[in-house]
Amino acid sequence: MSYDALLWLSFGGPEGPEDVRPFLENVTRGRGVPPERLDEVEQHYQHFGGVSPINRLNRDAIAAVEPLVDLPIYFGNRNWHPMVEDTLAEMARAGVKRALVFPTSAYGGYSACRQYDEDILRARAAVGENAPELVKLRQFFDHPLFVESFADAVREAAKDLGEHRLVFTAHSVPLSADQAAGPPEDGGRLYSRQVAEAARLVARELGVAEYDVVWQSRSGPPQIPWLEPDVVDHIEALHERGVPAVVVCPIGFVSDHLEVVWDLDTEARDKAAELGMGFGRAATPNNDPRFARLVAELVAEHTDGVPARRLSEFPAYGCTTNGAFCATLCCEPARRRG
């Protein structure tokens, strides 16, 4: 099957102080996030001049992938400009009939996978009958290049620390969302199980037998249980156990966007300094040349029939057409059932 383009589909982020509040309102629309939480998160963005690095990082990654694929690459976002609806309209005007879609998430779950299907559905509906056919690439948390990149990043972060504890972290989600992650027949918790598997694969590559998997960036109402423990709370617990230093690996993220530079490089690092602990933070893969090769390999699975490279026994989910979900009720948000 032939393809005319690659759509790079991401979360989006503000690129100036005046963008921050409308961006956050887009992100949280319909989720019941209290205004005071938006006020708090807005200050995180304003701390960095109202600019999230995510759009720049995506453009850098696209530039690295472009020489490796024989397709024009278009960039669209869910929550901020360039919005995916506008990008898909541009693709239609350019005559694109069938395109691959690279979502900038390695995992399954509602926010990590199904929401990108919803983005595709929404964008195609906005464009109408001339909308290109869109084939979303698979999840890649267990791709060898993903694992190797993180393993080398951990080595670099740990090289001057001496004795330390390795802590993997990913974005927390409500327990109900994690329980609903994946096709129901698989028993749920696909997201947290995939994160645990990615951590295991990286630890195995490093030869590390003992490590922790924790969570960060919780944003929901306090009465709703989310995946725990929080990374900052965990650093305090490690300190109480006498651990002298910690290396934090943001295994759940592909780029150093604001939740990484605030939650880890600011809050977690500051907590470690307050406790007198050594602290290292592994880089995300975005700027590693292996990440560009990974994307090119995912594309080649479709354009050239290249065999998929995977290190786990998990089913290969995520590859769907025109916003279809992987299975009936797959990653269905609890609030939408019934």
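Residues numbered from 1 in each chain as written. Predicted model: local features only at pLDDT ≥ 70, side-chain atom pairs only at ≥ 80, totals over all residues. Heavy atoms only, no water.

Asks: When you look at the overall build of the protein in this model, what are you seeing that I'm missing?
Replies: Along the backbone of the protein there are 11 helices and 8 strands. The C-alpha atoms of the protein give a radius of gyration of 20 Å, which matches the 20 Å a tight globule of 338 residues would have. Based on the C-alpha atoms only, the size of the protein along its principal axes is roughly 60 × 45 × 40 Å. Taken over 338 residues, the protein has a buried fraction of 55%. Partitioning the contacts of the protein with sequence separation of at least 6, the portion at a separation of at least 24 is 80%. Distance between charge centroids for the protein: 4 Å, based on 34 positive and 51 negative side chains. (Helix = DSSP H or I, 4+ residues; strand = E, 2+ residues; numbered from the N terminus. Rg over C-alpha atoms; globule rule 2.2 N^0.38 Å. Buried < 20%, exposed > 50% of the residue type's maximum accessible area, 1.4 Å probe, protein only. Contact = heavy atoms within 4.5 Å. Lys, Arg positive; Asp, Glu negative; His and termini not counted. Charge placed at Lys NZ, Arg CZ, Asp CG, Glu CD.)

Asks: Explain the environment of A196 to me, please; I cannot follow it from the model alone.
Replies: Its location among the elements puts A196 in helix α8 (residues 190–206). Judged by its relative accessible area of 35%, A196 is partly exposed. In this structure, the C-alpha to C-alpha distance between A196 and V213, residues 17 residues apart in sequence, is 6.8 Å.

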